[in-house]
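Residue-level structure breakdown
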Amino acid sequence: MDLKALKKQESKRKISKGYMWAFFCAIFWGIWYLPGTVVWVLNPFDEMSSAIAKTSGDGISLVVTAVLITAFNALAVMLALMIWNGVLGKYGELIRTLKEFHPCSKWFFLASIFGGPMAILGSFIAMGFIGGAFSAVAGLLYPVVGSILAYYWYGEKISKRAAIGIAVIVLGGISIYGGGLLNELSSGNVPWIGYLGGLMAAAGWGIEGAIAGKGLDIAEPDAGLTLRFLGENIIWWIIIVPVLALVGFPMYSFALKAFEPLTLLILIFAGITFGFCYVTWYKSFPLIGVGRGQGIGNLYGLCAIIFIFLFFGTAPDWTIIIGGALCIAGSFIMFTEDASELETLRGE
Amino acid sequence: MSKNRPIKFRILELFLNGKESWNYEIVSKIQEEYGMKSNFQRDSINFDIIELASGGMLKDVEQKVDDNGIYKKGFLLHKYMITDFGRVRSSDACLRSV
């Protein structure tokens, strides 16, 4: 076979593999909202939120419960990633990367602050207060935050195309938030904390992406992502959960009750789906470009709505569906690059 | 520098002399230094090079068909060199001789 044909074949193989990874990411990410929603009604989390509600009120009880759920989610993801690294034989690389704190792993720890206590906690709060479909679709706004941040931080130019994409996503956001809000304003009962959770998810993932990229440039993603979740576990289990326990919330007594078969099963399910959505996301970038990888990955919003409908039988409001469709359309507009730009993702 | 630093750091360092290198040269050097013998590990190192190139730190300057099975028979071999951005990132990573 000649050089030209072989080049074509190689690029075709790369692109189809990249799309496959990105598509798996969308499926895993979408499925994650199933265990994420179910876990709220399982014990000990169900008992916990009603116990705390009696003394501290509904709002605080849901946020504190969301903290414990997010902490367990982080633990489950860490477990899934440790097994993954073990299978790939990457413990050595993991330790080598961890040791490079100044040039490399500090970025993962910094990213975990925004990914964990902001984005993932926000997602769980939105699931608990409003619902899985809202939470999934609200997170779709993250590329807006990410690109605005990149503009101010690295001076990355926003092309006309990207600006149009951002505008379409923002329109989608208005539909997602506005539709439900109008109904609730008229009934006088607005779950503000749930909406705040949705915004936390979008802002957190946008910021996390911009920061983690600095470390992932020069690290293996399998090792880098594990360190990012190591950081998140430290934040939850060494800082936030003990602080909440000190303040007087019954964190440990309920945490110890989480070792029930069904609860553990659901948490492990959450860990596997969330861990692998991150892994597959990063695997797709070198093959099809960050833009396309994120564009396809954003189909998770659609996947989540479909899975929630199939498993729970709840159809979301039409304003959420329209908003989600606009966000996905916007991310495709924003991220569709010319094929010639695929080989290198950054200018020199 | 020894094998105590992450693989991508070492790959960048190997390119810092400014010379162009073929992927199989880099892969076999890393395999030897880090004691990574399996085919899976070999492909994983090659994927690291592809990631560095897609991140804009290496540039793919030449390709040829692997007729003799130096790396994988019938597949493409790639020759890379470091970019200015790759040098900047290497200096962030405290690599020597930047």
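Residues numbered from 1 in each chain as written. Chains lettered and ligands numbered in written order. Predicted model: local features only at pLDDT ≥ 70, side-chain atom pairs only at ≥ 80, totals over all residues. Heavy atoms only, no water.

Right, let's talk about the overall build of chain B for a bit. What chain B contains, in helices and strands, is four helices and three strands. When the helices and strands of chain B are placed in sequence order, the string is α-β-α-α-β-β-α. Expected size for 98 residues packed as a compact globule is a radius of gyration near 13 Å; at 13 Å, chain B falls within 12% of this value. Structurally, chain B occupies a C-alpha span of about 35 × 30 × 20 Å along its principal axes. Relative to its full complement of 98 residues, chain B shows a buried share of 54%. A total of about 4400 Å² of accessible surface is found on chain B, and carbon and sulfur atoms cover 47% of it. With 16 positive and 14 negative side-chain charges, chain B shows a spacing of 4 Å between the two charge centroids. (Helix = DSSP H or I, 4+ residues; strand = E, 2+ residues; numbered from the N terminus. Rg over C-alpha atoms; globule rule 2.2 N^0.38 Å. Buried < 20%, exposed > 50% of the residue type's maximum accessible area, 1.4 Å probe, protein only. Areas by Shrake-Rupley, 256 points an atom, 1.4 Å probe, with all protein chains shown as cover. Lys, Arg positive; Asp, Glu negative; His and termini not counted. Charge placed at Lys NZ, Arg CZ, Asp CG, Glu CD.)

Here we come to the pattern of salt bridges. Going through the model one piece at a time under the given rule, you end up with 16 salt bridges over all chains. Salt-bridge contacts for A:Lys257 lead to A:Glu47; the nearest nitrogen and oxygen are separated by 3.9 Å. Within this pair, whereas A:Lys257 is found in the loop between α11 (251–256) and α12 (261–288), its partner A:Glu47 is found in helix α2 (residues 45–56), the two being separated by 210 residues in sequence. For B:Lys79, the salt bridge is made with B:Glu62, and the minimal N-O distance between the two is 3.7 Å. Highlighted residues: B:Lys79 in strand β3 (residues 76–82) and B:Glu62 in strand β2 (residues 58–65), separated in sequence by 17 residues. Each of A:Lys90, A:Glu220, A:Asp222 and A:Lys283 takes part in a single network of salt bridges with overlapping partners. (Salt bridge = Lys/Arg side-chain N within 4 Å of Asp/Glu carboxyl O.)

Here we come to the nonpolar core. Judged by nonpolar contacts, the single largest core of 125 residues is most densely connected at A:Trp29, A:Trp32, A:Tyr33, A:Trp205 and A:Phe274. Apart from residues lying up to four places away in sequence, A:Trp32 is in contact with A:Asn73, A:Ile120, A:Ser123, A:Phe124, A:Met127, A:Trp205, A:Ala270, A:Thr273 and A:Phe274. (Core = buried A, V, L, I, M, F, W, Y, C linked by side-chain atoms within 4.5 Å. Contact = heavy atoms within 4.5 Å.)

Moving on, we get to a nonpolar patch on the surface. Residue and element names in this part refer to chain A. Together, Ile234, Ile238, Ile239, Val243, Leu246 and Val247 make up a nonpolar patch on the protein surface, roughly 610 Å² of accessible area in all. Relative to the helices and strands, Ile238 is located in helix α10 (residues 221–247). Assessed through its relative accessible area of 60%, Ile238 is described here as exposed. (Patch = residues over 30% accessible without salt bridge, like charges linked within 9 Å, V, L, I, M, F, W, Y side chains within 5 Å.)

For the rest of this paragraph, the subject is helix α4 (residues 84–92) of chain B. Listed as buried for α4(B) are B:Gly86, B:Arg89 and B:Ser90. Viewed end-on, α4(B) has its buried residues packed into an arc of 105 degrees, placing them on one side of the element. Next to the buried residues of α4(B) lie α9 (192–216) of chain A together with α1 (7–15) and β3 of chain B. (Arc of directions from axis to C-beta.)

Taken together, the 35 residues of chain B in the interface contact 33 residues of chain A. Counting the surface lost from both chain B and chain A, the interface buries some 2800 Å², and carbon and sulfur atoms represent 59% of this. For the chain B face of the interface with chain A, the top three residues by lost area are B:Ser54, B:Leu76 and B:Arg89, together amounting to 19%. Where B:Arg5 meets A:Glu100, a salt bridge forms, and the shortest distance between an N and an O atom there is 2.7 Å. The interface formed by chain B and chain A includes five residue pairs in polar contact (both at pLDDT 80 or more). When contributions to the side of chain B that touches chain A are tallied by element, the ones reaching two or more residues are α1, α3 (39–54), β2, β3 and α4 of chain B. For the side of chain B that touches chain A, the element with the most residues is α3(B), which contributes nine residues. (Buried area = accessible area lost by both parts, 1.4 Å probe. Polar contact = N/O pair within 3.5 Å; in protein donor to acceptor, adjacent residues only side chain to side chain.)

Time to look at the packing of helix α1 (residues 3–38) of chain A against helix α5 (residues 101–129) of chain A. Residues and elements named next belong to chain A. Axis separation between α1 and α5 bottoms out at 9 Å; the angle between their running directions is 65 degrees. Two packed elements cross with a definite hand, and for α1 against α5 that hand is right-handed. Residue-level inspection shows Trp32, Tyr33, Gly36 and Thr37 of α1 in contact with α5, the latter providing Ile120, Ser123, Phe124 and Met127. (Axes fitted to C-alpha atoms, helices over the stretch in contact; angles between N-to-C directions. Left-handed = near helix turned anticlockwise from the far one by under 90°.)

Let us look at the confidence of the model for chain A. Per-residue pLDDT for chain A has a mean of 84; in total, 93% of the residues score no lower than 70. Counted against residues more than four places away or in other chains, residues 339–348 of chain A, with its pLDDT under 50, gives 21 contacts. (pLDDT = per-residue confidence, 0-100.)

All names here are of chain A. Mapped onto the elements, Leu264 comes out in helix α12. Relative accessible area serves as the criterion here: at 30%, Leu264 is assigned to the partly exposed category. Separated by 259 residues in the primary sequence, Leu264 and Ala5 have C-alpha atoms spaced 51 Å apart. Among all residues touching Leu264, those that are not within four sequence positions of it are Ala258 and Phe259.

Attention shifts here to the sheet that holds β2(B). Residue and element names in this part refer to chain B. Ordered by their spatial adjacency, three strands build an open sheet running β1-β3-β2, and the pairing between neighbours is antiparallel. Among the strands making up the open sheet, the edge pair consists of β1 (21–22) and β2. The sheet contact formed by β2 and β3 spans seven bridges and is antiparallel. When the sheet's bridge partners are listed, Lys64 is paired in β3 with Leu77. (Pairing = 2+ DSSP bridges.)

Time to look at the packing of helix α2 (residues 23–34) of chain B against α3(B). All names here are of chain B. For the pair α2 and α3, interaxial distance at closest approach is 9 Å and the crossing angle is 125 degrees. Accordingly, the angle class assigned to the pair α2 and α3 is oblique. Classified by chirality, the crossing of α3 by α2 is right-handed. Residues Asn23, Ile26, Val27, Ile30 and Gln31 of α2 form the contact with α3, whose own contacting residues are Arg42, Ile45, Asn46 and Ile49. Residues of the contact of α2 with α3, tallied by class, amount to five nonpolar, three polar and one charged. (Parallel < 35°, antiparallel > 145°, perpendicular 65-115°, else oblique. Nonpolar A, V, L, I, M, F, W, Y, C, P; charged D, E, K, R; others polar.)

Here the focus is the pairing of β3(B). Residues and elements named next belong to chain B. The element β3 is largely enclosed, with a buried count of six among its seven residues. Relative to β3, β1 runs antiparallel, the two being bridged by two bridges. In the sheet register, Trp22 faces β3, and the bridge partner there is Lys79.

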